[in-house]
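So you can see what is in the structure, the chains are spelled out below.
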Amino acid sequence: MFKAIASLVEVPRMKFYRKIVLTSGLFDADWYRLAYPYIVRDNIDPLTHFLRSGKQYGLSPSRAFDAARYLEEHEEARRSHLNPLLHYLKHGQARGLAI
């Protein structure tokens, strides 16, 4: 039962995350496919893969945003346990954190 409720919450959250990442200009699907070619082989949508697995595997969304460097330079982002790009878009950008 809890899984069903969690999935009902995840769908709107994923849609929101997709929207803010796409409008940020910091996700480059072509670059992502080249950097992580297994997603092409496995026919995975690059943005979905990034949102679901990017943090876990330390993946960057584009050449313009180095996720590992962002986490290294911003302790609060590491402590937040958010995907680094989502942290930047939700908190860091407004506070002027460097990317």
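Before any of the text, the structure's been laid out above.
These numbers were taken from a predicted model, which means no experiment stands behind them.

(A) How the structure looks around the overall build of the protein. When you go through the protein residue by residue, the secondary structure sums to seven helices and zero strands. For the protein, buried positions account for 36% of its 99 residues. In the protein, of all internal contacts separated by at least 6 residues, the share reaching a separation of at least 24 is 54%. For the protein, the accessible area works out to roughly 6600 Å², and carbon and sulfur atoms hold 55% of it.

(B) Broad picture of the environment of K55. Structurally, K55 is set in helix α4 (residues 46-57). Through-space distance from the C-alpha of K55 to that of L82 is 7.3 Å; in sequence the pair is 27 residues apart. Excluding its chain neighbours within four sequence positions, the residues that come into contact with K55 are F50, H81, L82, N83 and P84.

What counts as what
- Residues numbered from 1 in each chain as written.
- Predicted model: local features only at pLDDT ≥ 70, side-chain atom pairs only at ≥ 80, totals over all residues.
- Heavy atoms only, no water.
- Helix = DSSP H or I, 4+ residues; strand = E, 2+ residues; numbered from the N terminus.
- Buried < 20%, exposed > 50% of the residue type's maximum accessible area, 1.4 Å probe, protein only.
- Contact = heavy atoms within 4.5 Å.
- Areas by Shrake-Rupley, 256 points an atom, 1.4 Å probe, with all protein chains shown as cover.

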